[in-house]
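Understanding the architecture of this molecule
Single-letter residue listing:
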Amino acid sequence: ELAQIGVTGLAVMGRNLARNFAHHGYRVAVHNRTQARTDSLLADHGDEGDFVGSSSLEEFVQSLERPRRIIIMVKAGAGTDAVIEELIPLLESGDIVIDAGNAHFPDTVRREKLLAEHDLHFVGMGVSGGEEGALKGPSIMPGGPAESYESLGPMLEEISAHVDGVPCCTYIGPDGAGHFVKMVHNGIEYADMQLIAEAYDLLGRGLGADAAEIAGIFRTWNEGDLESFLIEITAEVLAHTDDRTGKPFVDIILDQAEQKGTGRWTVQNALDLGVPITGIAEATFARALSGSVPQREAAREALPADAEEWVIEDRDAFIEDVRLALYASKVVAYSQGFDQIAAASRENDWNIDRGAMARIWRGGCIIRARFLNRITEAYERDPELPLLLADPYFTEAVGNGLAAWRRIVAGAARAGVPTPAFSSSLAYYDGIRAQRLPAALIQAQRDFFGAHTYRRVDDEGAFHVEWSLDRSETSEGRPAG
Ligand code: NBP
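Rules of the game
- Residues numbered from 1 in each chain as written.
- Predicted model: local features only at pLDDT ≥ 70, side-chain atom pairs only at ≥ 80, totals over all residues.
- Heavy atoms only, no water.
- UniProt positions renumbered as here; feature names shortened; annotations may be inferred.
- Pairing = 2+ DSSP bridges.
- Helix = DSSP H or I, 4+ residues; strand = E, 2+ residues; numbered from the N terminus.
- Axes fitted to C-alpha atoms, helices over the stretch in contact; angles between N-to-C directions.
- Contact = heavy atoms within 4.5 Å.
- Buried < 20%, exposed > 50% of the residue type's maximum accessible area, 1.4 Å probe, protein only.
- Parallel < 35°, antiparallel > 145°, perpendicular 65-115°, else oblique.
- Left-handed = near helix turned anticlockwise from the far one by under 90°.
- Nonpolar A, V, L, I, M, F, W, Y, C, P; charged D, E, K, R; others polar.
- Near = heavy atom within 4 Å.
- Polar contact = N/O pair within 3.5 Å; in protein donor to acceptor, adjacent residues only side chain to side chain.
- Areas by Shrake-Rupley, 256 points an atom, 1.4 Å probe, with all protein chains shown as cover.
- Salt bridge = Lys/Arg side-chain N within 4 Å of Asp/Glu carboxyl O.
- pLDDT = per-residue confidence, 0-100.
- Core = buried A, V, L, I, M, F, W, Y, C linked by side-chain atoms within 4.5 Å.

As recorded in an unreviewed UniProt entry, the protein chain goes by 6-phosphogluconate dehydrogenase, decarboxylating and comes from Microlunatus kandeliicorticis. What UniProt states about the protein chain under its Catalytic activity (unreviewed entry) heading is, verbatim, "6-phospho-D-gluconate + NADP(+) = D-ribulose 5-phosphate + CO2 + NADPH". Turning to the protein chain, the UniProt annotation filed under Pathway (unreviewed entry) states: "Carbohydrate degradation; pentose phosphate pathway; D-ribulose 5-phosphate from D-glucose 6-phosphate (oxidative stage): step 3/3."

Below, the structure is given as structure tokens:
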């Protein structure tokens, strides 16, 4: 009997995804470059369901019903290309190749073209939720040809996480759309984590609270609007003590955050599209700053603080201020991320439904949160909503916390507590709502030194002033054009 789905690449993610399919009653073909991984999957979990092991890629391909559905779950990059090259001559017209690794979306676009030339379908599929998600139900973001979703979609929806009976999986859009939204998901995750870290720092430095006390605050927050996986695990992490020293666990960890690159990709893409995703960018740079070891050493010695003491009279009011500032900054970060999805969708004709994105992120993935329901509702009210922040629900929610947000950002600046994500989000908020921006002056400067022309508030067209050259910055000759 032939298998209904195949998984090649049986490290933690592939092995768990294969088990997830098997748990749902599918006959699953499994393969790995190094045979030992296949053997250990069958030995450790073979009794959990219907697996078909194979010792070669040929055998694996032959063990699948047609059109074949083959999930590649190997190390992203060269590994994925190597597997695709090997698969192509073994497959037949109409077969579906699914890349479930963390591919960069331009690679997915390229691979889809290549496979289309061989009359094969290629589905770039974002999978979020780590190893536990892969096993118990991830959030799944499949792109590629819409017709391949007809045969693949129901299986994916079945193994995905479910919230209120609704699967956390939907068709995203052509070619790179699935991997693109997975990338932005990760970018938003960076922002969310940074905002939580800043809140933790503010509570610690403002209140002089220790990790256990702050854990309690996060636990309380997890019962309200902020309820989310990240807030929940933050409380757990902060309550955890180090086995070796008995100290709060968070206090024995080196304060240098690492990254694998999806945050960087998100920011790079936003720069290309011209979309201000300041929350995600500051979060990515904050990790980079934390890892700037020689610079931090030099600065620690040399740079004075000249900061004021943060006198907090009402501890509960301060905690509530931090909570409101966190929520408002979080809304900004998500609003920016959804703006980026909209811009990329327009640019690539992906036709991405932003409300559906929020819906499939409610479960299975790292940014899962109660709050995402509100985003889905906002896009249901207005599918063309130009700015999430401008949805009435969010306008009101942020408005309620505005004074608190300003107090926190101003207080942090006076006390010398770095809040890159809190404060840049507030600057974005004030920038995007401004009646008039100083960009007018920048455009005048551009016209001065580069003859870049300017547009007027009271007329159509492009204009240029013949600025006097003797005041330009280039004394040797004419200003650069
Ligand atoms: P890894 O990213 O550690 O990759 C190991 C797998 O890739 C092994 O099966 C290995 O085979 C295979 N592989 C490599 Br490396 N080069 C290969 C090649 N040239 N040809 C064939 N196979 C090759 O595995 P993972 O942590 O399970 O992640 C799998 C994918 O899922 C990655 O793209 C990852 O970014 C993505 N992802 C991971 C997580 C997570 O939480 N870990 C979450 C979401 C997405 P071998 O056994 O023969 O060496």
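Past the structure itself, the notes keep going.
A word on the sheet that holds strand β6 (residues 121–128). Strand order in the open sheet formed by seven strands is β3-β2-β1-β4-β5-β6-β7, and the pairing between neighbours is mixed. The sheet is open, and its two edges are formed by β3 (50–53) and β7 (139–142), each paired on a single side. Averaged over all adjacent pairs, the angle separating strand axes in this sheet is 25°, with direction ignored. Here helix α7 (residues 146–159) sits on the sheet and contacts β1 (5–8), β4 (69–72), β5 (96–99), β6 and β7; the angle it forms with β6, its principal contact strand, is near 25°.

All right, on to the UniProt feature "binding site: substrate" (unreviewed entry) in the protein chain then. UniProt feature "binding site: substrate" (unreviewed entry): in the numbering of this structure it lies at Asn102, Ser128, Gly129, Gly130, His185, Asn186, Tyr190, Lys260, Arg287, Arg446 and His452. A maximum C-alpha distance of 48.7 Å shows the annotated residues, which cover 351 residues in sequence, to be distributed over more than one spot. Within the secondary structure, Ser128 sits in strand β6. We classify Ser128 as buried; its relative accessible area is 3%. Setting aside chain neighbours within four positions, we find Ser128 in contact with Pro138, Ser139, Met141, Lys182, His185, Gly364, Cys365 and Ile366. Note on placement: Lys260 falls in the loop between α10 (229–239) and α11 (262–273).

The next subject is the packing of helix α8 (residues 177–207) against helix α12 (residues 278–290). Helix-helix packing: each pair is described by the crossing angle between the helix axes and the interaxial distance. Running from N to C, α8 and α12 point in directions that differ by 70°, and their axes come no closer than 8 Å. Regarding the angle of α8 to α12, the classification is roughly perpendicular. α12 is crossed by α8, and the crossing has left-handed handedness. Packed against α8, whose contacting residues are Gly187, Ile188, Tyr190, Ala191, Met193 and Gln194, the element α12 presents Gly279, Ile280, Ala283, Thr284, Ala286 and Arg287 at the interface. Class assignment for the residues of the contact of α8 with α12 results in seven nonpolar, four polar and one charged.

Another aspect to go through is the site of the ligand. Taken together, 20 residues are adjacent to the ligand, and Met13, Asn32, Arg33, Thr34 and Arg37 come closest. Between Val12 and the ligand, the recorded distance is 3.5 Å, taken from a backbone N or O atom to an oxygen atom. Arg37 places a side-chain nitrogen or oxygen 2.5 Å from an oxygen atom of the ligand. Burial of the ligand by the surrounding chains reaches 76%, relative to a free accessible area of 910 Å². Elements with a minimum of two residues in the shell around the ligand: α1 (12–23) and α4 (78–87).

Before going further, it helps to examine the packing of helix α14 (residues 315–348) against helix α18 (residues 420–432). Here α14 crosses α18 at 65°, and the two axes come no closer than 9 Å. The handedness of the crossing between α14 and α18 is left-handed. Between α14 and α18, the contacting residues are Val322, Ala325, Leu326, Ser329, Val332, Gln336 and Asp339 on the first element and Phe422, Ser425 and Tyr428 on the second. Its residues assigned to classes, the contact of α14 with α18 shows six nonpolar, three polar and one charged.

With the rule as written, the count across this model stands at 27 salt bridges. Measuring nitrogen to oxygen at the nearest pair gives 3.5 Å for the salt bridge that ties Asp192 to Lys330. You can see Asp192 sitting in helix α8 and its partner Lys330 sitting in helix α14, a full 138 residues away along the chain. There is no split in this pair, since Asp192 and Lys330 are both buried.

Along the chain, His185 turns up in helix α8. For His185, a relative accessible area of 0% puts it in the buried group. A polar contact of 3.0 Å, which involves the side chain of His185, links it to the side chain of Asn186. The contacts of His185, once residues within four sequence positions are left out, are Ser128, Trp361, Cys365, Ile366 and Ile367.

A few words now on the confidence of the model for the protein chain. On average, residues of the protein chain carry a pLDDT of 96, and 97% of them reach 70 or more. Here the complex is predicted with pTM 0.95, and the ipTM for its interfaces comes to 0.98.

Below, the discussion takes up the nonpolar core. Of all hydrophobic cores here, the largest spans 87 residues; its most connected members are Leu203, Phe218, Trp221, Phe338, Trp361, Ile375 and Trp405. With 15 residues, α14 is the single largest residue contributor to this core. The residues touching Ile375, leaving out its near neighbours within four places in the chain, are Tyr334, Phe338, Ala358, Leu388 and Phe394. In this structure, Val7, Leu41, Ile96 and Ile159 belong to the second largest nonpolar core, which totals 29 residues.

Let's shift gears to the pairing of β7. Side chains on a regular strand alternate between the two faces of the sheet. Residues Ser139 and Met141 of β7 are buried on one face, and the alternating residues Ile140 and Pro142, pointing to the opposite face, are buried as well. By the bridge criterion, four bridges tie β6 to β7 in an arrangement that is antiparallel. Residue pairing in the sheet places Met125 in a bridge with Pro142 of β7.

Let us look at unusual backbone geometry. The omega angle of the peptide bond from Arg66 to Pro67 is -10°, so this bond is cis rather than trans. In the Ramachandran plot, Asp119 falls in the positive-phi region, its phi being about 60° despite a non-glycine side chain. Structurally, the position occupied by Asp119 is in the loop between α5 (105–117) and β6. Residue Asp119 is classed as partly exposed on the basis of its relative accessible area of 46%. Backbone geometry places Asp164, a non-glycine residue, at a positive phi of 50°. As for its position among the elements, Asp164 is in the loop between β8 (162–163) and β9 (166–167).

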